[in-house]
Amino acid sequence: MRLGYARAWFARDPGLDPAVLAALDAAAEGFAALGVTVEEADLPDYALLEAAGTVVLNAEAFAVHRPLLRAHWADYGQGTRRRLAAAAVLDGGDLAAARELWPRLRAWMDEAMKGCDAVLTATLLAPAPTFSACAEGGPAMPMRTLPFNVTGHPALALPCGLHEGLPLGMQLAAAHGEEEVLFALGTLWEGAHPPPRPDP
């Protein structure tokens, strides 16, 4: 199998924890040691994919939650309130422009993934948060999963180590209809690297 490592998609992000980069580099090396051909993959602009996905995601969330917001504003988490408030200023033109871009982004991703059975990239740019951090309102979660929701490519999240007792993850994405490729790669990885057990 050929695996594209989309390292450039996240390696220069200022929110990246060095432990995540080290774990993903080790995962790429780990797949190579299992006989998978690993090479750099150049995926479409992450910021554009995230922007197009965020507009649609937030607009749809606002439409669903709008009837409850006035009466239950304080019951929503701070981050959720911020996203819903930002979505309140979007209009139909914003939503239409974002949705119109999705098919082109999907085609660009298809083109970028040619020659690879799957691509490897980050799920989060930081280790999982602690329970205490979540109890205090929750830390920012710099996720990298939205682009594949935009393009519709199947993706699989897998554990790839621990940092100070907290789990680290990676994601694999494949061409449309190629879920079996992801299951095969996930089975190969977990057979050689059983998921670590975080401390309780």
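Everything quoted here is computed from the prediction, not taken from an experiment. (Residues numbered from 1 in each chain as written. Predicted model: local features only at pLDDT ≥ 70, side-chain atom pairs only at ≥ 80, totals over all residues. Heavy atoms only, no water.)

Draft legend 1. Quick look at helix α7 (residues 179-192). Here α7 spans 20 Å end to end across 14 residues, near enough to the 20 Å set by a 1.5 Å rise per residue. Considered for burial, the residues of α7 that qualify are V181, L182, L185, G186 and W189. One side of α7 carries all its buried residues, which in axial view fall inside an arc of 130°. Turned more than 90 degrees off the buried face of α7, the exposed positions are E180, T187 and G191. Looking at the buried positions of α7, the neighbouring elements they touch are β1 (2-5), α1 (18-33), β3 (118-122), β4 (155-163) and β5 (166-174). (Helix = DSSP H or I, 4+ residues; strand = E, 2+ residues; numbered from the N terminus. Expected span 1.5 Å × (residues − 1). Buried < 20%, exposed > 50% of the residue type's maximum accessible area, 1.4 Å probe, protein only. Arc of directions from axis to C-beta. Contact = heavy atoms within 4.5 Å.)

Draft legend 2. Region of interest: a negative patch on the surface. Residues D117, E178, E179 and E180 make up a contiguous surface patch of negative charge. E178 gets classed as partly exposed once you look at its relative accessible area, which sits at 36%. (Patch = residues over 30% accessible without salt bridge, like charges linked within 9 Å, V, L, I, M, F, W, Y side chains within 5 Å. Areas by Shrake-Rupley, 256 points an atom, 1.4 Å probe, with all protein chains shown as cover. Salt bridge = Lys/Arg side-chain N within 4 Å of Asp/Glu carboxyl O. Lys, Arg positive; Asp, Glu negative; His and termini not counted. Charge placed at Lys NZ, Arg CZ, Asp CG, Glu CD.)

Draft legend 3. Quick peek at the pattern of salt bridges. Enumeration according to the criterion identifies 5 salt bridges in this entry. The salt bridge partner of K114 is E111, with a shortest N-O separation of 3.2 Å.

Draft legend 4. Structural view of the side chain of N58. Structurally, the position occupied by N58 is in helix α2 (residues 46-72). Excluding its chain neighbours within four sequence positions, the residues that come into contact with N58 are R83 and A87.

Draft legend 5. Just the nonpolar core, in detail. Judged by nonpolar contacts, the single largest core of 42 residues is most densely connected at W9, F10, L24 and M170. Broken down by element, this core gets its largest block of residues, 7 residues, from α1. Of all hydrophobic cores here, the second largest spans 5 residues; its members include F62, L69, Y76 and L84. (Core = buried A, V, L, I, M, F, W, Y, C linked by side-chain atoms within 4.5 Å.)

Draft legend 6. Highlighting the pairing of β5. The buried fraction of β5 is high, at 7 of 9 residues. In terms of strand pairing, β3 meets β5 through 5 bridges, oriented antiparallel. Within β5, the residue paired with L120 across the bridge is L172. Pairing geometry for β4 and β5, over 7 bridges, is antiparallel. (Pairing = 2+ DSSP bridges.)

Draft legend 7. Up close: the environment of P147. Here P147 is to be found in helix α6 (residues 146-151). Using a relative accessible area of 0% as the deciding quantity, one classes P147 as buried. With 106 residues separating them in the primary sequence, P147 and A41 have C-alpha atoms 15 Å apart. With residues near it in sequence (within four places) discarded, P147 still touches W9, Y46 and L49.

Draft legend 8. Main features of the packing of aromatic side chains. Under the counting rule described, the total for this entry stands at 4 aromatic pairs. Summarising the aromatic geometry, the rings of W9 and Y46 are spaced 5.2 Å apart at their centres and angled 90° between planes, so their arrangement reads as edge-to-face. Taken as a pair, W9 in the loop between β1 and α1 and Y46 in helix α2 lie far apart in primary sequence, 37 residues in all. Since its relative accessible area comes to 9%, W9 is described here as buried. Y46 gets classed as buried once you look at its relative accessible area, which sits at 8%. Ring geometry for F31 versus W189: centroids 5.0 Å apart, planes at 35°, classification tilted. One end of the pair, F31, is in helix α1; the other, W189, is in helix α7, and 158 residues separate them in sequence. On the basis of relative accessibility, which here comes to 0%, the residue F31 falls in the buried class. (Phe/Tyr/Trp six-rings, centres within 6.5 Å; stacked < 30°, edge-to-face > 60°.)

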